[in-house]
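# Notes for the structure review
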Amino acid sequence: MGRYLKLYLWFWTQRLKVLLEYPASTLVGVAAQVLSPAMGVLTIWVVVRQVPDLRGWSYDEVLLIYGLLTFSLGLSFIFGQNIWFLGQNYIRTGGLDHLLVRPINPLFQLVVEYYGYGGMDAALVGAVVTVKAILALGILWSPLKVLALLLSILSGSAIFMAFFLIPSVSGFWIMDSAISVTSVFYLTHQFAKYPLNIYPRAVLMMLTWLLPYAFASYYPASYLLGKEAGGLVWAGPFVAAALLFLGYRFWLFGLRHYTSTGS
Amino acid sequence: MPIIQVENISKVFRISQKDPGLGGAIKALFRPRYQDKVAVDGINFTVEPGEVVGYIGVNGAGKSTTIKMLTGILVPSGGQIRVLGRDPHRQRVPNARDIGVVFGQRSQLWWDLALIESLNLIAKIYDVEPARYKQLLDQFTETLELKELLHVPIRNMSLGQKMRAELVATLIHEPKIVYLDEPTIGLDLIVKERIREFIKQQNRESGTTVILTTHDLGDIEELCPRVMIIDAGKLIYDGPLGTIKDRFGKFREITFDTAGSLDPFEPPTGTQVVTQEPRKLVLRFDRTVTTASQLASTVMSRVQVADFSLAEPDLSSIVKQIYGGALQKEVSQ
Amino acid sequence: MIQALRRTATAYGVFAALILKRIMAYPLGFWVQFFTQFIVMAVTVYFWRGVYLGQETLGSLNLRQTLTYIMLAQLVMPLLQVSLIVHFGSWLRDGQLAIELLRPVDFQVQNFAQQQVGSWILLLQQLPLLVVAWRLFGLELPADPKVWMAFTISLLSGQAILLFFDWIFACLAFYTTDAFGFYLARTAIAGFFGGVLVPLAMMPGWLQAVAYSIPFAQAISVPVSLLSGITPLSDLPRIWLVQGLWLIGLAGLSRLIFRFALRTVTFQGG
């Protein structure tokens, strides 16, 4: 276990070195991509500021939800973006064979080999927006609330990554098309950008029990603000753990198929 | 004590059969049909430590499938493999520590990292002792002339540079067995020579066992005292390279473009008619008995020839000969 | 009895397989694109309904007007994303454009025609989304053919304006290696300042001024406002004037900058 931790740090050091080597194009890429979530924030600023509230959620409260989701999303891309490319870069090309011939866990290698620059923009915007909202909201902090916030960020990112992994495993069978399948799972997170009570109940249920992105934004925000649904925030880590476990089992299943039928 | 033991292994792939068109797609949905493709069919061999074995066969003969089973990437349908006493699939991690693999044109190195960074990572992954790592690194980069390339990312390297880098990456953790799948493909002669020399040196000095699959007979001639030939999933030859060279290396084929058709052609002594068609005549001759120019002039004196070409013995023709029982025929002569 | 059931089940099974095959006949990318837009539309529709809970109007628009506008803007949005920025760099480098030095206008017209073909194909692909918007979210389309005419003409001029604008930017973007980064930035800005994310009328005055100073508003907000009935037909003279000015201004500017860029490239021996 400790060995994997050391290896992880080593991979990351290399990644950061590469980042520092090409600052110019990295900066342009990041700057360009910051604009996308930034426009989302601008939209909220223009609209929600003008109304008393969005179904009981004030402007800053809406920002808190948006910020938390964007931050978790950013983190998940930074740490797990490479998972998306299993079908395209590893199965179709046979690159997985190289991973299988090394004495460390192939899934670990897949996740850690390449870093997700694309996540930095979202993480940045998410962090800024969340901090801004928290400062403006005057939340009554307690150790429990701090814990809930940290756990939610971690489990939120974990849930995103679980939904990178689960559909990407289909890459063992459908290779390049797996990216499309993964997109479908990923895209539904957009509901969780806003307070879930603006949607019909069915959507709320779906985002809690089927594609639980709500644990990355709605439930932690509810808890911090002392709103009704807040109690569910503590289920977040368990949901994340369950999904990751499911994802891992599915990965093993896909791997078994790969080693028995080649590609 | 053999380092690799392969007992009666086979690999059967189930390929789904689908009729074309809408009707076929629906049928396939309700009643899927499969066809079995036998890629490897009952192969047996052992390899002793320190051997350098060439493993050749035409494309689709089952080479890659065998290598994948040996390296633990593919599970055999039947039979047993023991590498260093382990099942390479069931004991993937311990086996992985002792082997190195080069997969032809796919690099194991990270395309955007400088070579030295990739090598450092690999050293970490395989737990190479730092002092030993430095020693080997200096040695290898010296021999393969990679010193200037250490800070170049793989994506900026030429094919020859990439392959040299690949070899260092594969051998830096001092594996006991190295599987090289088409290591010289697409490279020019000078680079090939350097690589072959490097492999020979490794085998000589460290006793690394080498399994080499290749289409390049030059690789075989330089490196492999022992050759295994696989065709249609079966091992049809396992023995010294010398035997093959003696028996088949001496044959050449010469193709004549003839003007108009011929009566059945009586080949000169020591030659054989391989093909006779209206505009084409292919003769096989033993170059220790006659020369190409002698044969050409003899033929041209008897037949009107528009053009002719000389073919070097290629792998598929040798394999054809062997599979056609030519080896047995030769031995009995 | 059992046999009859089995026959029915088989019949349904065959039918389901037929539909599945039909669905699979369309490339996966098409369905992903559709799903992406469907999710975005669903989220925004509920968002706006929630916003309007507390009030009748926002930025002088009521809920019905806003929803109509937003949905139409989302339907037309893919047209905005057709841009030559990504290809421009390679064209310039290949010297293809240098050949056209003598007749830059012709090349621009050629490009416009090509883009139009691509655009109308894209619009056709929006049909499933249109059906969803209409049946599921209650989109109302105008009946007046004059409105449709006005929409189409202003859309076409808006696209021409964008072409010249992209042309200018492409000449500038050429100097950096990351044309794709520019493209992403452009898409994000176009979405907001073109009035797809928020109707421009809702923005504070100074932000509206910024939006109208960028040509994206001419390509999306102006035509869609006409189609959704927010802008009455009586405003058409003003609209044509403004679009006309944009067209002439950008056309001239683009030719100027293009000539300058070409000179630089050929001077460098590109």
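Residues numbered from 1 in each chain as written. Chains lettered and ligands numbered in written order. Predicted model: local features only at pLDDT ≥ 70, side-chain atom pairs only at ≥ 80, totals over all residues.

## Let's talk about the interface of chain B and chain A
- Chain B puts 23 residues into the contact, and the matching count from chain A is 21 residues.
- Those elements that place two or more of their residues in the side of chain B that touches chain A are helix H2 (63-71), helix H3 (92-98), strand S5 (99-103) and helix H4 (115-125) of chain B.
- Broken down by element, the side of chain B that touches chain A gets its largest block of residues, four residues, from H4(B).
- When grouped by side-chain class, the residues that make up the side of chain B that touches chain A number 14 nonpolar, three polar and six charged. (Contact = placed C-beta atoms within 7 Å. Helix = DSSP H or I, 4+ residues; strand = E, 2+ residues; numbered from the N terminus. Nonpolar A, V, L, I, M, F, W, Y, C, P; charged D, E, K, R; others polar.)

## Here we look at the interface of chain A and chain C
- Each side of the interface is counted separately: chain A has 29 residues, and chain C has 31 residues.
- Those elements that place two or more of their residues in the side of chain A that touches chain C are helix H2 (23-48) and helix H10 (178-187) of chain A.
- The biggest single contributor to the side of chain A that touches chain C is H2(A), with twelve residues.
- Looking at the side of chain A that touches chain C, its residues break down into 16 nonpolar, eleven polar and two charged.

## Some points on the domain arrangement of chain B
- The assigned domain composition of chain B is domain 1 (4-245) and domain 2 (250-312).
- When each unit is reduced to the centre of its C-alpha atoms, the spacing between domain 1 of chain B and domain 2 of chain B is 40 Å. (Domains from an automatic or database assignment.)

## Digging into the pairing of strand S13 (residues 305-311) of chain B
Residue and element names in this part refer to chain B.
- Among the seven residues that make up S13, zero are buried, leaving the element largely open to the surroundings.
- The sheet contact formed by strand S10 (residues 251-258) and S13 spans six bridges and is antiparallel. Its bridge partner being in S13, Phe256 is matched across the sheet by Phe308. (Buried ≥ 20, exposed ≤ 12 C-beta atoms within 10 Å, placed from the backbone. Pairing = 2+ DSSP bridges.)

## Some points on helix H3 (residues 63-80) of chain C
All names here are of chain C.
- In a regular helix each residue adds 1.5 Å, so 18 residues correspond to 26 Å; H3 covers 25 Å between its end C-alpha atoms and thus fits that length.
- Its maximal kink placed at Gln74, H3 deviates by approximately 35°, while the proline Pro78 follows within four residues.
- Within H3, 14 of the 18 residues are buried, which leaves it mostly tucked inside the rest of the structure. (Expected span 1.5 Å × (residues − 1). Bend = angle between axes of the 7 residues up to and from the residue.)

## Remarks on the packing of helix H2 (residues 28-51) of chain C against H3(C)
Residue and element names in this part refer to chain C.
- At a minimum axis separation of 10 Å, H2 and H3 run at an interaxial angle of 165°. By the angle class used here, H2 and H3 are roughly antiparallel. Considering how the two elements wind past one another, H2 and H3 form a crossing that is right-handed. Within the contact between the two elements, H2 uses Gln37, Val40, Met41, Thr44, Val45, Trp48 and Arg49 and H3 uses Leu63, Thr66, Leu67, Ile70, Met71 and Gln74.
- Partitioning the contact of H2 with H3 into residue classes produces eight nonpolar, four polar and one charged. (Axes fitted to C-alpha atoms, helices over the stretch in contact; angles between N-to-C directions. Parallel < 35°, antiparallel > 145°, perpendicular 65-115°, else oblique. Left-handed = near helix turned anticlockwise from the far one by under 90°.)

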